[in-house]
Amino acid sequence: AVDLFDRASVEAMGELFVRLLDAVVADPDRPVGGLDLLSAQQLDELVYRHNDTALAVPDVTMPELFERQVAARP
């Protein structure tokens, strides 16, 4: 469906599928959830580049935050 996917996306999905098949063949008893499917570059990009979670967190409990939100937007 060329209206849904470009060539690069389809090639990436194909590479991921081949990686999945290789991993299953290499260790057929391993649960699928335990297979490493991402390349080192993809894992680095996902974990470190797109997951920047360094932000200030208030020193209060979750119920206190909830109460604040309820008071602000009843």
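Residues numbered from 1 in each chain as written. Predicted model: local features only at pLDDT ≥ 70, side-chain atom pairs only at ≥ 80, totals over all residues. Heavy atoms only, no water.

Enquirer: Just give me the short version of the overall build of the chain, but keep the residues and values in it.
Expert: If you tally the helices and strands in the chain, you get 3 helices and 0 strands. In the chain, the succession of α and β elements from N to C terminus is α-α-α. Against the compact-globule benchmark of 11 Å for 74 residues, the chain has a radius of gyration of 21 Å, which places it well outside the compact range. Across its three principal axes, the chain shows a C-alpha extent of roughly 55 × 40 × 20 Å. (Helix = DSSP H or I, 4+ residues; strand = E, 2+ residues; numbered from the N terminus. Rg over C-alpha atoms; globule rule 2.2 N^0.38 Å.)

Enquirer: Describe the pattern of salt bridges, and please don't skip the residues or the numbers.
Expert: Across all of its chains, the model carries 2 salt bridges by this definition. Arg 7 serves as the salt-bridge partner of Glu 11, at 3.0 Å between the closest nitrogen and oxygen. With Glu 11 and Arg 7 both in helix α1 (residues 7-26) and 4 residues apart, the pair spans about one turn of that helix. The exposure class assigned to Glu 11 is partly exposed, which follows from its relative accessible area of 40%. With a shortest N-O distance of 3.4 Å, Asp 44 and Arg 49 are connected by a salt bridge. Overall, the relative accessible area of 28% leaves Asp 44 in the partly exposed class. (Salt bridge = Lys/Arg side-chain N within 4 Å of Asp/Glu carboxyl O. Buried < 20%, exposed > 50% of the residue type's maximum accessible area, 1.4 Å probe, protein only.)

Enquirer: Break down a nonpolar patch on the surface for me, with residues and values.
Expert: A cluster of nonpolar residues, Leu 16, Leu 38, Leu 43, Leu 46, Val 47 and Tyr 48, forms a patch on the protein surface that exposes about 560 Å² of accessible area. Ranked by the residues each element gives to the nonpolar patch, the list is headed by helix α2 (residues 40-49), at 4 residues. Structurally, Leu 43 is set in helix α2. Residue classification places Leu 43 among the partly exposed positions, given a relative accessible area of 45%. (Patch = residues over 30% accessible without salt bridge, like charges linked within 9 Å, V, L, I, M, F, W, Y side chains within 5 Å. Areas by Shrake-Rupley, 256 points an atom, 1.4 Å probe, with all protein chains shown as cover.)

Enquirer: Which residues make up the confidence of the model for the chain, and what values do they have?
Expert: Scored by pLDDT, the chain has a mean of 89; 100% of the residues are at 70 or more. Of all the helices and strands in the chain, α2 carries the lowest mean pLDDT, 87, while helix α3 (residues 62-72) carries the highest, 94. (pLDDT = per-residue confidence, 0-100.)

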